[in-house]
Amino acid sequence: MADRRQVLRLSALAAGAPAVLGATAAPALAGEKHQHRPPSLVIGHRGASGYRPEHTLSSYELAARLGADFMEPDLVSTKDHVLVCRHEPEIGGTTDVAAHPEFAARKRTVVLDGVSTTGWFTHDFTLAELKTLRAKERIPAVRQHNTLYDGRFEIPTLQEVLDLRKRLSKELDRDIGVYPETKHPTYFRALKLDLETPLVQALRRNGLDRRDAKVFVQSFEYTNLQALREDYRLRAPLVLLTSAAGTPFNDAKTYAEYLTPAGLRRIARFIDGIGPDKNQVIPRNADDTLGTPTSLVADAHAANLKVMPYTFRAENQFLPADYRVGTDLAGYGRAIDEQVTFLKTGLDGLFTDQADIGVLARSVAYARV
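Caption draft 1: Representation of the packing of aromatic side chains in the model. Enumeration over the complete set of coordinates arrives at 12 aromatic pairs. Measuring from ring centre to ring centre gives 4.9 Å for Tyr-222 and Tyr-258, while their planes differ by 35°; the resulting arrangement is tilted. Taken together, the residues span a long stretch of sequence, with Tyr-222 in helix α8 (residues 222-230) and Tyr-258 in helix α9 (residues 255-258) at a distance of 36 residues. Overall, the relative accessible area of 9% leaves Tyr-222 in the buried class. When its relative accessible area of 5% is taken as the criterion, Tyr-258 is described as buried. Relative to Phe-342, the ring of Phe-312 has its centre 5.0 Å away and its plane inclined at 80°; by these criteria the two rings are edge-to-face. Of this pair, Phe-312 sits in the loop between β12 (306-307) and α12 (335-343) while Phe-342 sits in helix α12, placing them 30 residues apart in sequence.

Caption draft 2: Just helix α5 (residues 158-172), in detail. The first and last C-alpha atoms of α5 sit 21 Å apart over 15 residues, in line with the 21 Å expected at 1.5 Å per residue. Buried within α5 we find Leu-158, Val-161, Leu-162, Leu-164, Arg-165, Leu-168 and Ser-169. The buried residues of α5 all sit within an arc of 155° when viewed along its axis, so they share a single face. Along α5, exposed side chains directed more than 90 degrees from the buried face belong to Lys-166 and Lys-170. Its buried side turned inward, α5 meets α3 (57-65), β2 (70-72), β3 (74-77), β4 (83-85), β7 (177-178) and α7 (196-205). At the exit of α5 stands Asp-173, carrying a positive phi of roughly 60°.

Caption draft 3: Seen up close, the packing of α12 against helix α13 (residues 355-365). Packing of α12 against α13 brings their axes to within 8 Å, and their N-to-C directions diverge by 55°. In terms of orientation, α12 lies oblique with respect to α13. Relative to α13, α12 is oriented so that their crossing is right-handed. Judged by residue contacts, Ala-335, Ile-336, Gln-339, Val-340 and Leu-343 of α12 engage Ile-357, Gly-358, Leu-360, Ala-361, Arg-362, Val-364 and Ala-365 from α13. Residues belonging to the contact of α12 with α13 are distributed by class as follows: 9 nonpolar, 2 polar and 1 charged.

Caption draft 4: Looking closely at the pattern of salt bridges. Going through the model one piece at a time under the given rule, you end up with 27 salt bridges. Close ionic contact of Arg-143 with Glu-315 constitutes a salt bridge, the shortest N to O distance being 2.9 Å. Pair noted here: Arg-143 is in the loop between α4 (127-130) and α5 and Glu-315 is in the loop between β12 and α12, with a separation of 172 residues, a long-range link. Because the salt bridges share partners, they merge into one network encompassing Glu-61, Arg-65, Arg-167 and Glu-171.

Caption draft 5: Main features of the confidence of the model for the chain. Confidence in the prediction for the chain averages 92 pLDDT; 89% of positions are at 70 or higher. The least confident element of the chain is helix α2 (residues 17-23), whose mean pLDDT is 34; the most confident is β4, at 99. Residue range residues 30-34 is modelled with pLDDT below 50. Its contacts to residues more than four positions away, or to other chains, number 7 contacts.

Each value, and the rule that gives it
- Residues numbered from 1 in each chain as written.
- Predicted model: local features only at pLDDT ≥ 70, side-chain atom pairs only at ≥ 80, totals over all residues.
- Heavy atoms only, no water.
- Phe/Tyr/Trp six-rings, centres within 6.5 Å; stacked < 30°, edge-to-face > 60°.
- Helix = DSSP H or I, 4+ residues; strand = E, 2+ residues; numbered from the N terminus.
- Buried < 20%, exposed > 50% of the residue type's maximum accessible area, 1.4 Å probe, protein only.
- Expected span 1.5 Å × (residues − 1).
- Arc of directions from axis to C-beta.
- Contact = heavy atoms within 4.5 Å.
- Axes fitted to C-alpha atoms, helices over the stretch in contact; angles between N-to-C directions.
- Parallel < 35°, antiparallel > 145°, perpendicular 65-115°, else oblique.
- Left-handed = near helix turned anticlockwise from the far one by under 90°.
- Nonpolar A, V, L, I, M, F, W, Y, C, P; charged D, E, K, R; others polar.
- Salt bridge = Lys/Arg side-chain N within 4 Å of Asp/Glu carboxyl O.
- pLDDT = per-residue confidence, 0-100.

As structure tokens, this is what we get:
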């Protein structure tokens, strides 16, 4: 198993680097074709979810303190139409709701974007009821250390995340960004709990609905982004998330069609970037080793779109076979090297569960040669 302490020690040395990098001329990424691009952004995926239970204020705060440029809250709605931060509306796997006998009858099955899903759902709870629950680690077999924090943190609201952003920006003396994702917006709209209205209201109330705001609003649903721009007149930058296969929910176009050169030019009329699965940037070979980069970054840049793929994680089981170290799937592999390899394709940012590793990888990738 790789020495986790050594990885973290090296990463901690770089955690203070973003403020320094931001104050100086943008360093050149190895290779002339990327010389004039600004340094890639480090996005704290669900906060610092490699070190704390995801989508908690503790996770978001740690990501910022480790050097992340952005905190990423996923947004779902409560029964009383308040936006809270969970990866999915189903909360059985990320909270202690199953241990609350008073909520046992709330467990049910719904059809979520065409998939039958059983559990407890945020839209069946008021905010006050959700605040009685506590978060827990989603993948305890992989991140056993994170289970130390089970039961300690509440489910945060979007406004609490925006308040945290404001406080940390002042304390750390750098503008911390937010990168909210609307989760299953069509599903919530059918419940008369649309995500768009409270999201736009929150951004405007906090002075963040500007083209130059440290904000990206992302969604896997193209029509959701189109509505935010055209119907809600949101001015903050927008990002279309894509999967390596399939289509956006209730959409005739596949993700692959959206990512053709012509498709990228079309969406660039009101979208500012794409958030592809990282395998769409550099796919895996048949033996699960890392393959050859596709033309996606160049195609997107030609359409004036940013490229910020997901998700980079340090554990062996998430890494290409040639970047793993040892046989322990929960052990750390060559995560820094993997991120450097991807950054050298010219990425504008990356989502990572371990923000300090992303900061260190950026400092390596952007070292002058």
